[in-house]
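# Coordinate inspection notes
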Amino acid sequence: MNDRIILQLKRLREIEPEAGFVAGSRRTILALKKEQVPVFVWPNLRMVGAFAGLVAVLSASIFFFSGQNAQEALASPEVLNNEFAALSINIELQEISYRQNVNKTISSAISEIGSTNANHMNKDVLNAESEKFNLDTLESNPQIDRLLEQVIF
Amino acid sequence: MEDEKKVILKARDGNEQAFGQLYDKYMPAIYRFVFLKVGGQKAQAEDICHEVFLSAWQSIGKYQFKGYPFSSWLYRIAGNAVIDYYRTKKPNISLELVPEEAMVYETSLAEKLDDQADLRTVKFCLKKLEPSYQDVLIMKFVEELSNKEIAAAVEKSEGAVRVIQHRALKQLKKYIEDERSNNPTIKEA
């Protein structure tokens, strides 16, 4: 049966497109290509080439000079020194600012210590406190007494 | 036609006459291929064929000789065009529903044949096969391409083409038998 099917398939070869369609399609296709040809003709191509060349030169020069500046910046000791100097100035300014804060803190602490107006430094207050402290009323601890004797004598 | 490679080279350089020669040589085969793939719809087959050759003409500048025949390149374009057609256009129309005016050519052809119904059955069942089976059977038995040419066109190995051919024939035979059992007026193929 396969042979008979193959024979039938071969008979489908007799199918052909209509001559009118073939001629019309052929003409249309080749005409469409013709209209597109002027895009590639020499004068246009020359203009496109010149423009592309100009863009390429500009791009190359920008790239070259910008690349050179970057290299110079990296290689020049002068540039590096300036950058380093600016860096140390910044550090010093930060240090001065820190020291000023520390000085303020220290001076305010000293003035507080020297002041007798504060309750914890006032002599009268301290004396009054010591008067309240009655040693006789305290119970003696024999262990502590013994240890104190050992330390003192 | 003069040496095909020279003609292709000329066409690649934009020579219309050269492309015209290629068009004349390959249009009938590509038309048959597309016609059978779209279920015998003449108008659709013509539209797709026009697109195929237009696309070929516009992209022939990029064509490269890779040891495959030029026809394989055209069949690939045609295969993709048919896929696009089914992807973007109308739902499938059965051959039985094709208007009579679209079948004018077919009818006139069939009149020349000994067994019109039988041929119609083969064509109808061919349409029911999956696309890769259709491709291989049309290229192999309708267009009589070599396995190498078919392999290049469908982008498969020659071994795979032989396997597809075997399975496609088996499947086609089954469809024909089913069709005959449903419609006893059809003669045995």
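### What about the overall build of chain B?
Assigned secondary structure in chain B consists of 9 helices and 0 strands. When each of the 189 residues of chain B is scored for burial, the buried share is 53%. Partitioning the contacts of chain B with sequence separation of at least 6, the portion at a separation of at least 24 is 62%.

### A closer look at the overall build of chain A
In terms of helices and strands, chain A carries 6 helices and 0 strands. The order of α-helices and β-strands along chain A, N terminus first, is α-α-α-α-α-α. Relative to its 153 residues, chain A shows a buried fraction of 10%. Total accessible area on chain A is roughly 13,100 Å²; 62% of this is exposed by carbon and sulfur atoms.

### As for the interface of chain B and chain A
How big an interface is tends to be stated in terms of the accessible area lost upon association of its parts. Across the contact, 43 residues belong to chain B and 27 residues belong to chain A. When the two sides are added together, the surface that chain B and chain A hide from each other amounts to roughly 3,600 Å², 66% of it contributed by carbon and sulfur. Inspection of the region where chain B meets chain A yields 4 salt bridges. Viewed at the interface, chain A and chain B are joined by 13 residue pairs in polar contact (both at pLDDT 80 or more). Taken together, the elements giving at least two residues each to the side of chain B that touches chain A come down to α2 (16–37), α3 (42–59), α5 (104–112), α6 (116–128), α7 (131–142) and α9 (158–182) of chain B.

### Focus on the pattern of salt bridges
Inspection of every chain in the model, using the stated rule, returns 10 salt bridges over all chains. The salt bridge partner of Arg 13 of chain A is Glu 143 of chain B, with a shortest N-O separation of 3.4 Å. One end of the pair, Arg 13 of chain A, is in the loop between α1 (2–11) and α2 (19–36); the other, Glu 143 of chain B, is in the loop between α7 and α8 (147–154), on a second chain. A relative accessible area of 35% means that Arg 13 of chain A is categorised as partly exposed. Classification of Glu 143 of chain B by relative accessible area gives buried; the value is 7%. Across the salt bridge formed by Glu 179 of chain B and Lys 128 of chain B, the nearest N and O atoms sit 4.0 Å from each other. Placement of the pair is Glu 179 of chain B in helix α9 and Lys 128 of chain B in helix α6, with a sequence separation of 51 residues. Salt bridges sharing common partners tie together Arg 13 of chain A together with Arg 32 and Glu 143 of chain B.

### Examining unusual backbone geometry
Residues and elements named next belong to chain B. For Glu 144, which is not a glycine, the phi torsion comes out positive at approximately 55°. Mapping Glu 144 onto the fold places it in the loop between α7 and α8. In this model, Glu 155 sits at a positive phi of 55°, which is unusual for a non-glycine residue. For Glu 155, the location among the structural elements is in the loop between α8 and α9.

### Quick look at the environment of Arg 76 of chain B
Residue and element names in this part refer to chain B. Following the sequence through the fold, Arg 76 ends up in helix α4 (residues 70–88). Accessibility expressed as a relative area gives 26% for Arg 76, which makes it partly exposed. For Arg 76, the contacting residues outside a window of four places in its chain are Ala 152, Ala 153 and Glu 155.

### Observations concerning the confidence of the model for chain B
Of all residues in chain B, 81% attain a pLDDT of 70 or more, and the chain-wide mean is 82. Two numbers describe this predicted complex: its pTM, 0.56, and its ipTM, 0.72.

### A look at a nonpolar patch on the surface
A cluster of nonpolar side chains, Ile 144, Leu 148, Val 151 and Ile 152 of chain A, forms an exposed patch at the surface whose accessible area comes to about 410 Å². Along the chain, Val 151 of chain A turns up in helix α6 (residues 142–152).

### Concerning the side chain of Gln 8 of chain A
Topologically, Gln 8 of chain A is positioned in helix α1. What makes Gln 8 of chain A buried here is its relative accessible area of 8%. In this structure Gln 8 of chain A touches Asp 118, Leu 119 and Val 122 of chain B, once residues within four positions along its chain are discounted.

### Quick notes on the packing of aromatic side chains
Residue and element names in this part refer to chain B. Applying the stated criterion across every chain yields a total of 11 aromatic pairs over all chains. Between Phe 33 and Tyr 75, the ring centres sit 5.2 Å apart and the planes meet at 85°, which makes this aromatic pair edge-to-face. Separated by 42 residues along the polypeptide, Phe 33 in helix α2 and Tyr 75 in helix α4 bring together distant segments of the chain. Tyr 75 matches Phe 33 in its accessibility class, with the two residues each being buried. Consider the rings of Tyr 63 and Trp 73, whose centres lie 5.0 Å apart with planes at 65°: the pair is edge-to-face. Taken as a pair, Tyr 63 in the loop between α3 and α4 and Trp 73 in helix α4 lie far apart in primary sequence, 10 residues in all. Under the relative-accessibility criterion, Tyr 63 is labelled buried at 6%. Overall, the relative accessible area of 15% leaves Trp 73 in the buried class.

### Comments concerning the environment of Phe 124 of chain B
Structurally, Phe 124 of chain B can be placed in helix α6. Through-space distance from the C-alpha of Phe 124 of chain B to that of Leu 36 of chain B is 9.1 Å; in sequence the pair is 88 residues apart.

About the cut-offs
- Residues numbered from 1 in each chain as written.
- Chains lettered and ligands numbered in written order.
- Predicted model: local features only at pLDDT ≥ 70, side-chain atom pairs only at ≥ 80, totals over all residues.
- Heavy atoms only, no water.
- Helix = DSSP H or I, 4+ residues; strand = E, 2+ residues; numbered from the N terminus.
- Buried < 20%, exposed > 50% of the residue type's maximum accessible area, 1.4 Å probe, protein only.
- Contact = heavy atoms within 4.5 Å.
- Areas by Shrake-Rupley, 256 points an atom, 1.4 Å probe, with all protein chains shown as cover.
- Buried area = accessible area lost by both parts, 1.4 Å probe.
- Salt bridge = Lys/Arg side-chain N within 4 Å of Asp/Glu carboxyl O.
- Polar contact = N/O pair within 3.5 Å; in protein donor to acceptor, adjacent residues only side chain to side chain.
- pLDDT = per-residue confidence, 0-100.
- Patch = residues over 30% accessible without salt bridge, like charges linked within 9 Å, V, L, I, M, F, W, Y side chains within 5 Å.
- Phe/Tyr/Trp six-rings, centres within 6.5 Å; stacked < 30°, edge-to-face > 60°.

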